[in-house]
Amino acid sequence: MTAERAAASRQEAPGPGRPARPAWTFLTNHGHVLLSVAREPDILVTDIAERVGITTRAALQILKDLETAGYLQRTRVGRRTHYTIRPHQHFRHPSTAAQEVDGLIRLFTERAPGGGPAARAEP
């Protein structure tokens, strides 16, 4: 098997209107949903699903998981939903449980959880 063929076999088939995705990533879908909400607190569920590459139903379940676990709070504003990231929540895996997800959010969004700008270290 050639290297290109091996790489292609580790790709998930593209969905309708979506490019092929790698078979595995460093962040889970839960992480990608959390980051989508952190970047855009008023994002639509359909937009989260499209951005992450999952179904709307899966996005709704992940949002429910994140809310139940205390990582975010959902608030209805008229017909829309506004998401607030709850700061200082810890990762769930035992090997990273001492770390807060705030650092991950800052790394990918340049924004501190809770909506404020991230503190940047001086070069």
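One structure accompanies this document, and this report is about it.

Rules and cut-offs
- Residues numbered from 1 in each chain as written.
- Predicted model: local features only at pLDDT ≥ 70, side-chain atom pairs only at ≥ 80, totals over all residues.
- Heavy atoms only, no water.
- Phe/Tyr/Trp six-rings, centres within 6.5 Å; stacked < 30°, edge-to-face > 60°.
- Buried < 20%, exposed > 50% of the residue type's maximum accessible area, 1.4 Å probe, protein only.
- 1 Å grid on protein atoms, 1.4 Å probe; cavity = no way out; pocket = protein on both sides within 12 Å on 5 of 7 lines; lining within 4 Å.
- Points joined across faces, edges and corners; volume = space filled by probe spheres on them.
- Helix = DSSP H or I, 4+ residues; strand = E, 2+ residues; numbered from the N terminus.
- Nonpolar A, V, L, I, M, F, W, Y, C, P; charged D, E, K, R; others polar.

### Remarks on the packing of aromatic side chains
Inference 1: The full count for this structure, using the stated rule, is 1 aromatic pair.
Inference 2: Consider the rings of Trp 24 and Phe 26, whose centres lie 5.1 Å apart with planes at 75°: the pair is edge-to-face.
Inference 3: The exposure class assigned to Trp 24 is exposed, which follows from its relative accessible area of 56%.
Inference 4: On the basis of relative accessibility, which here comes to 78%, the residue Phe 26 falls in the exposed class.

### Structural notes on the layout of surface pockets
Inference 1: As a volume, the largest pocket reaches approximately 450 Å³.
Inference 2: Thr 28, His 30, Gly 31, Phe 91 and Arg 92 are, among the 16 residues lining the largest pocket, the residues nearest its centre.
Inference 3: Those elements that place two or more of their residues in the lining of the largest pocket are helix 2 (29-39) and helix 4 (56-68).
Inference 4: Broken down by element, the residue count for the lining of the largest pocket peaks at 3 residues, all from helix 2.
Inference 5: Looking at the lining of the largest pocket residue by residue, the class counts come to 9 nonpolar, 5 polar and 2 charged.

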